[in-house]
Amino acid sequence: MLGLCVRPAWTRTPLRRWLPPQLLLWLWLRLLAVLCAVALFCELGIYYAVMLGCQWPPLGAPHGRGGQGSPPPPLLRALFLADPHLLGALKGHWLDKLRREWQMERAFQTALWFFEPDVVFVLGDLFDEGKWSSPEMMFKHSPNTELFVVVGNHDIGFHYEMDLYKLQRFEEVFNFTSAKVVTKKGINFVLVNSIALQGDGCSICEKVEKDLHQLSLALNCSRQLDPNHSNENCKEKDTFPASAPILLQHYPLYRVSDAECTGEDSASAEEKKLLFREKYDTLSLEASKKLLWWFHPRLVLSGHTHSACMVLHAEHLPEISIPSFNWRNRNNPSFLLASITATDFTLSKCFLPRESTIWAIYLTAAVVMANLILFHFNFWQWMMHYLINKHKSI
């Protein structure tokens, strides 16, 4: 019986000639290099690339000063964001939680590194499940930057879900009170628990309104805007710098809808047709009038709608609704940069990378890697020869 050496079928195919170990190793190294480069850019570098186009807004020439030689007023650089909606342990997929928290943490840390703000304000809904889960802070920051969080409906629940336990738990973690004035460099910020401004006589609501009213009296005494309070009565009030406050809250002041809002990050055309519900989408008209009458603010900043909007109240007071900071809620999140003095302010918006752009980069990289593999195995040459031979045989 003759000894026959039969080679396996797969070794008789052209594939065997296309797989030299050295070239195969070189292919895998190139693919790994492309994959690492794309991942590093999409998960780290893209935040730096996008924020290169952002900067602190410049203030105009100071006005209202006694002379040209007087020093400029102290400048505060503040960063505002809204509605991060950090997922808890109950809702959402763990992979979605991991992805969104990574995105927001990288965006936040990059912004801190780039802009070095004096103070950061989060305008509510820091958590998505705060009414069920214990709050834990994710946004780490240096001692040179202070962080303040305003309470939102997802942090303690809507008005019908809010209770003293949830509110106190939030206040203890974030050193927040439902009516608070934060003063930095002569600038007054009024932090408001807008969830409690329902006007229905609930115990929490009554206390918040009473505290807000007392703060407004103290601020107006400092500015001498309240003619009903003599200097003698004002002696018993806390003293604040004599500058018009900036109102910070989660719910926007009352407006009918987002129909007049413009910009690439405003609500969609379908959402703009929807009418807002008082005490759910916005504050009630009555509560809005109270806040404006009490505090006479020069600027109102809010969140909650997840979309951007700028409206004028009483034809002169601007309110800016800041869109959500979470890619889970929109394709193009953003935050607000503000240069503020006791008498002036300027704002600019900084957009974060679009999620569609990140996925487009990953898809392009996948196509490039697939073509690298096909070219390495001479697939396109084989396909060309196959088509030519087929054409000749016809």
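Notes on the structure in this doc start here. (Residues numbered from 1 in each chain as written. Predicted model: local features only at pLDDT ≥ 70, side-chain atom pairs only at ≥ 80, totals over all residues. Heavy atoms only, no water.)

Things to note about helix H2 (residues 94-115)
Compared with an ideal rise of 1.5 Å per residue, which puts 22 residues at 32 Å, H2 spans 31 Å between its outermost C-alpha atoms and is within 8% of the ideal. Taken together, the buried positions of H2 are Arg 99, Arg 100, Gln 103, Met 104, Glu 105, Arg 106, Ala 107, Phe 108, Thr 110, Ala 111, Leu 112 and Phe 115. Once H2 finishes, Glu 116 follows within two positions and takes phi at roughly 45 degrees, a positive value. (Helix = DSSP H or I, 4+ residues; strand = E, 2+ residues; numbered from the N terminus. Expected span 1.5 Å × (residues − 1). Buried < 20%, exposed > 50% of the residue type's maximum accessible area, 1.4 Å probe, protein only.)

Quick word on the sheet that holds strand E11 (residues 345-351)
As summarised here, the arrangement of the five strands in space is E3-E2-E1-E10-E11, forming an open sheet in which the pairing is mixed. Looking along the sheet, the strands with just one partner apiece sit at the ends: strand E3 (146-150) and E11. For this sheet, the mean inter-axis angle between neighbouring strands, taken without regard to orientation, is 20 degrees. In this structure, strand E10 (residues 334-340) lies alongside E11, joined through seven bridges in antiparallel fashion. When the sheet's bridge partners are listed, Phe 335 is paired in E11 with Cys 350. (Pairing = 2+ DSSP bridges. Axes fitted to C-alpha atoms, helices over the stretch in contact; angles between N-to-C directions.)

Structural notes on the state of the cysteines
What the rule picks out here adds up to three disulfides. Sulfur-sulfur distance for the disulfide between Cys 54 and Cys 350 comes to 2.1 Å. Measuring handedness by torsion sign, the sulfur bridge of Cys 54 and Cys 350 sits at about 85 degrees and is right-handed. Of the two residues, Cys 54 is situated in the loop between helix H1 (21-51) and strand E1 (76-81) and Cys 350 in strand E11; the sequence distance between them amounts to 296 residues. For the pair shown, Cys 54 and Cys 350 are each scored as buried. Between the sulfur of Cys 261 and that of Cys 309 lies a disulfide, 1.9 Å long from S to S. Here Cys 261 and Cys 309 share a disulfide; its torsion about the S-S bond, -70 degrees, makes the bridge left-handed. Within this pair, whereas Cys 261 is found in the loop between strand E6 (246-248) and helix H7 (269-272), its partner Cys 309 is found in strand E8 (residues 309-313), the two being separated by 48 residues in sequence. The same class applies to Cys 261 and to Cys 309, which are both buried. (Disulfide = S-S within 2.5 Å.)

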